[in-house]
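# Architecture at a glance
What follows is each chain in one-letter form.
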Amino acid sequence: MSQPPSLDPTSVLVVLSAGFFSREVASVVAPYAVIILASLTGAAWALGRVEPAKRGNSFAFFARLIGTATLITVSAASISHSYLGVEDPQLLFAPIALLIGGIGDDWPKVGGWFVGLIGRTIELIATKKGGG
Amino acid sequence: MDKLYLFAGINLLLALGVIGTCVCRLGASSAKTVRFTVRVKYVVILTGAAASGLAPLFWSEYPGYGQISLMATLLLSLVVEMRRWRHGAPIDVRTDSEAQELGLPELEKYR
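Everything quoted here is computed from the prediction, not taken from an experiment. (Residues numbered from 1 in each chain as written. Chains lettered and ligands numbered in written order. Predicted model: local features only at pLDDT ≥ 70, side-chain atom pairs only at ≥ 80, totals over all residues. Heavy atoms only, no water.)

This paragraph deals with the packing of helix H4 (residues 58-84) of chain A against helix H1 (residues 2-27) of chain B. Here H4 of chain A crosses H1 of chain B at 105 degrees, and the two axes come no closer than 9 Å. Considering their axes alone, H4 of chain A and H1 of chain B lie roughly perpendicular with respect to each other. Packed against H4 of chain A, whose contacting residues are Ser58, Phe59 and Phe62 of chain A, the element H1 of chain B presents Gly20, Val23, Cys24 and Gly27 of chain B at the interface. Residue composition of the contact of H4 of chain A with H1 of chain B, grouped by class: 4 nonpolar, 3 polar and no charged. (Axes fitted to C-alpha atoms, helices over the stretch in contact; angles between N-to-C directions. Helix = DSSP H or I, 4+ residues; strand = E, 2+ residues; numbered from the N terminus. Parallel < 35°, antiparallel > 145°, perpendicular 65-115°, else oblique. Contact = heavy atoms within 4.5 Å. Nonpolar A, V, L, I, M, F, W, Y, C, P; charged D, E, K, R; others polar.)

Now the structure itself:
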């Protein structure tokens, strides 16, 4: 006969904690430490820019941005490190995650600015060619 | 080993309390109406608490009595201010016109 598991709060906390902080979980989560912390900081800043009426649930806002940063940062760093001349893509994790979190819900505005920038550049090139 | 996990669990629970409080306070603070230094304070505490609570996962670093008491103190210091933040950002941390119009004697009520 095996003993029934102890249900006192301390034992339950130890069991839960041992599961959460296990080596298997740590091996998966640890590489994302910088990304999670940087996107958390960025999201905290971005939250201040959102109008209180449009804000909704702050916890959902943080979860959305940290999730997005976790999914995108590694790929974005791998793609951009050669263009930026940075040897180790890991060095770009923190700034990219901070940027993703910091821009927050303003990505459409950034897209508009980028399209405008391309338009102005094309216009400038056309003027130079046309004007001589 | 059980003690390590117990301490890590307690520290994480305290950190979650700190994180939750900071998220609520930042949620009640708009960049337009709340002082920059107040927002910096909660952003820094939020990131520090997250790093401390998840340190066993991130860096295999387990908390001891010192770290737990520091986290408990931090949580307590936030909890004692809870009444002030019940109806949004307190008037004395705001920069908008409503806060300016009320003036100093009125501010004392909110402290």
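So, next bit.
So, about the environment of Tyr83 of chain A. Residue and element names in this part refer to chain A. Structurally, the position occupied by Tyr83 is in helix H4. Exposure remark for Tyr83: the relative accessible area of 74% places this residue in the exposed category. For the pair Tyr83 and Val50, spaced 33 residues apart in the sequence, the C-alpha separation amounts to 32 Å. (Buried < 20%, exposed > 50% of the residue type's maximum accessible area, 1.4 Å probe, protein only.)

Here we take up the confidence of the model for chain B. Residues and elements named next belong to chain B. Of all residues in chain B, 86% attain a pLDDT of 70 or more, and the chain-wide mean is 87. Per-element mean pLDDT across chain B ranges from 63 in helix H5 (residues 97-107) up to 96 in helix H4 (residues 65-79). The complex model carries a pTM of 0.82, and its ipTM stands at 0.81. (pLDDT = per-residue confidence, 0-100.)

What follows covers the interface of chain B and chain A. Facing 33 residues of chain B, the contacting portion of chain A comprises 28 residues. When the area that chain B buries against chain A is broken down by residue, the three leading residues are Tyr5, Leu57 and Phe58 of chain B, summing to 27%. Taken together, the links from chain B to chain A amount to 0 salt bridges. Run the count over chain B and chain A and you get 4 residue pairs in polar contact (both at pLDDT 80 or more). Among the elements of the structure, H1, helix H2 (36-53) and helix H3 (55-59) of chain B are those that each provide at least two residues to the side of chain B that touches chain A. If one sorts the elements of the side of chain B that touches chain A by residue count, H1 of chain B sits on top with 13 residues. (Buried area = accessible area lost by both parts, 1.4 Å probe. Salt bridge = Lys/Arg side-chain N within 4 Å of Asp/Glu carboxyl O. Polar contact = N/O pair within 3.5 Å; in protein donor to acceptor, adjacent residues only side chain to side chain.)

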